[in-house]
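Summary of the model geometry
The chain contents come next:
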Amino acid sequence: MPTIRPATPADSPQWLALRLALWDDHTEEEMLAEMKTLRQDPQQAVFLAEENGVLIGFAETSLRKYADGCDTSPVGYLEGWYVAPEHRRTGIGSALVRAAETWARAQGCHEMASDTWLENETSIRAHLHLGYEEAERLVHFTKKI
Ligand SMILES: CC(C)(COP(=O)(O)OP(=O)(O)OC[C@H]1O[C@@H](n2cnc3c(N)ncnc32)[C@H](O)[C@@H]1OP(=O)(O)O)[C@@H](O)C(=O)NCCC(=O)NCCS
């Protein structure tokens, strides 16, 4: 099992590559600015999975004041979750989420929340596997005015 640990500034190049694999609609510049803010914000935390010096997954978490379906405040929120394809189904994703949950508990949270796309069946199954319950399904609308 790889090491699960918090991110350090030296991780930025590999962490960036993993983030770009998950969120391909962002530019590198946007990502780097976001990562810098994230690292300096005590309300957010990043956990990385490292194997033989190579980063193979991450979980980003934050404290949110409210989350749909939760009764307490603040709650830990799973903002980003990714494991490199060749390392999936070996428990790394679960280990990353457990690290995020431990962090949120240490910040005083009693609940975790998360979201995913309706069609992301893998993510839905992985959430359910970790004890998450579906709270609601949303449809977003837009209109030019
Ligand atoms: C979601 C993701 C992070 C899970 O990482 P992972 O390392 O494969 O997770 P785990 O190995 O800990 O899997 C835990 C459980 O989730 C379920 N699961 C995970 N992938 C699954 C799949 N493809 N099909 C069915 N169930 C799956 C299983 O119950 C699995 O337990 P099992 O292997 O003992 O059956 C990974 O699939 C991923 O990076 N997906 C692409 C990015 C993404 O969708 N991120 C989530 C956005 S919210």
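Going by the structure above, here's the rest.
Our subject in this report is the structure included herewith. (Residues numbered from 1 in each chain as written. Predicted model: local features only at pLDDT ≥ 70, side-chain atom pairs only at ≥ 80, totals over all residues. Heavy atoms only, no water.)

1. Regarding the environment of Ala126
- In this fold, Ala126 is placed in helix 4 (residues 121–129).
- Note on Ala126: relative accessible area 25%, which makes it partly exposed.
- Along the chain, Ala126 and Arg89 lie 37 residues apart, while their C-alpha atoms are 9.5 Å from each other. (Helix = DSSP H or I, 4+ residues; strand = E, 2+ residues; numbered from the N terminus. Buried < 20%, exposed > 50% of the residue type's maximum accessible area, 1.4 Å probe, protein only.)

2. Some details on the site of the ligand
- Around the ligand, 19 residues are found, and the nearest of them are Trp81, Gly91, Gly93, Ser94 and Asn120.
- Thr90 has a polar backbone atom sitting 3.2 Å from an oxygen atom of the ligand.
- Considering the ligand on its own, with 920 Å² of exposed area, one finds that the protein chains cover 76% of that surface.
- Residue contributions to the shell around the ligand peak at 5 residues, all from helix 4.
- Broken down by class, the residue content of the shell around the ligand amounts to 6 nonpolar, 9 polar and 4 charged. (Near = heavy atom within 4 Å. Polar contact = N/O pair within 3.5 Å; in protein donor to acceptor, adjacent residues only side chain to side chain. Areas by Shrake-Rupley, 256 points an atom, 1.4 Å probe, with all protein chains shown as cover. Nonpolar A, V, L, I, M, F, W, Y, C, P; charged D, E, K, R; others polar.)

3. Looking at helix 2 (residues 28–40)
- Taking 1.5 Å per residue as the helical rise, helix 2 with its 13 residues ought to reach 18 Å, and the 19 Å between its terminal C-alpha atoms agrees with that figure.
- Taken together, the buried positions of helix 2 are occupied by Met31, Met35 and Leu38. Down the axis of helix 2, the sector holding all buried residues measures 65°, keeping them to one side. Exposed residues on helix 2 whose side chains face more than 90 degrees from its buried face are Glu29 and Gln40. (Expected span 1.5 Å × (residues − 1). Arc of directions from axis to C-beta.)

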